[in-house]
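Per-entry structural report
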Amino acid sequence: PTLRRSILKLHRWLSLGAALFWLLQALTGVLIVFHWEITDAGITGSHRPTDLAAIERRIDALVPPGGKITSIWTAAGAPDRYKVYYEDAEGAKTSVRIAGDGTVLHAPKPGEEGLMGFLVGFHHDLLGKWGSWLVSISGVLLCTNLILGIMAAWPRRGTWGRALRPAMRGPAAARLYSWHRALGLWVGIPALVIAATGTLL
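Presented here is an overview of the structure given in this document.

So, how was this worked out
Residues numbered from 1 in each chain as written. Predicted model: local features only at pLDDT ≥ 70, side-chain atom pairs only at ≥ 80, totals over all residues. Heavy atoms only, no water. Helix = DSSP H or I, 4+ residues; strand = E, 2+ residues; numbered from the N terminus. Areas by Shrake-Rupley, 256 points an atom, 1.4 Å probe, with all protein chains shown as cover. Buried < 20%, exposed > 50% of the residue type's maximum accessible area, 1.4 Å probe, protein only. Pairing = 2+ DSSP bridges. Axes fitted to C-alpha atoms, helices over the stretch in contact; angles between N-to-C directions. Parallel < 35°, antiparallel > 145°, perpendicular 65-115°, else oblique. Left-handed = near helix turned anticlockwise from the far one by under 90°. Contact = heavy atoms within 4.5 Å. Nonpolar A, V, L, I, M, F, W, Y, C, P; charged D, E, K, R; others polar.

Here we look at the overall build of the chain
Within the chain one finds 7 helices and 4 strands. Listed N to C, the secondary structure of the chain is α-α-α-β-β-β-β-α-α-α-α in terms of helices and strands. Overall, the C-alpha framework of the chain stretches about 65 × 35 × 25 Å when taken along its three principal axes. Only carbon and sulfur atoms are counted for the fraction: they give 68% of the accessible area of the chain, which is about 13600 Å².

Laid out in structure tokens, this is it:
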């Protein structure tokens, strides 16, 4: 049908156009999924229970006049450790990792974030001010493309068994298409959930 052909064509060109960017996002996402734990493993310091008042005093001391806190995260790699992100009046961003009592454990200088910091920055916002918008737009495009792919691969009634089992014989192009379609039906919806939640974040 004409609609099905149009969906297939749109799905193909969207995939080809953004494939490299999506691949880089996927690779960096896989590499940084445990970046909190990896970073914490390289930072020494004894465990200190969380004292919210002490943390508040540390934050007041860290943030320069006219600056602001942008976010605070639990470090996840070790208990009672926190990553504090803040910026000065000019918008220059800084981060420190503190213990539960507000003690500064790690305060990297600009350019000292290391490989893991580079990967996190690239994955989140392409290391730039407008990068987060590009990543978000790419995420929306990925979600719509996954929906188009699922629509294009959706089998007619009574053909589900054949659609979910890729062909093992026949021309190479037909086998590749069969595998692509079957994998799309098996993992399309989980992939859409992952892409949608990543885009929302």
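Having seen the structure, we can now continue with the description.
Some details on the pairing of strand E2 (residues 81–87)
On any regular strand, side chains alternate: one points to one face of the sheet, the next to the other face. The element E2 is extensively covered by neighbouring structure, given that 6 of its 7 residues are classed as buried. As paired strands, strand E1 (residues 68–74) and E2 are joined by 6 bridges and run antiparallel to one another. Of the residues in E2, the one forming a bridge with Thr 74 is Tyr 82. Turn length for the E1-E2 hairpin, with the two strands adjacent in sequence and antiparallel, is 6 residues, and the turn residue Ala 76 shows positive phi of about 75 degrees. Count of turn residues in the E2/strand E3 (residues 93–99) antiparallel hairpin: 5 residues, of which Gly 91 carries a positive phi of about 95 degrees.

Here's the deal with the packing of helix H5 (residues 131–153) against helix H7 (residues 172–200)
For the pair H5 and H7, the least separation of the axes is 9 Å and the interaxial angle reads 155 degrees. Considering the angle they form, H5 stands roughly antiparallel to H7. Crossing handedness for the pair H5 and H7: left-handed. Where H5 abuts H7, its residues Ser 136, Gly 139, Val 140, Leu 142, Cys 143, Leu 146, Ile 147, Ile 150 and Ala 153 lie against Arg 181, Leu 185, Gly 188, Ile 189, Ala 191, Leu 192, Ala 195, Ala 196 and Thr 199. Split by residue class, the contact of H5 with H7 holds 13 nonpolar, 4 polar and 1 charged.

Description of the pairing of E3
Counting buried residues along E3, 5 of its 7 residues qualify, which places the element largely inside the surrounding structure. One ladder, built from 7 bridges, connects E2 with E3; its direction is antiparallel. Bridging from a neighbouring strand, Arg 81 pairs with Ala 99 of E3. Alignment of E3 against strand E4 (residues 104–106), held across 2 bridges, turns out to be antiparallel.

Digging into the sheet that holds E4
Read from one edge to the other, the open sheet built from 4 strands follows the order E1-E2-E3-E4, with strand pairing classed as antiparallel. The open sheet terminates on both sides in strands that have one partner only, identified here as E1 and E4. Strand-to-strand twist across the sheet, computed as the mean angle between neighbouring axes with direction ignored, equals 35 degrees. Taken strand by strand, helix H3 (residues 52–62) contacts E1, E2, E3 and E4, and its axis lies near 155 degrees from that of E3.

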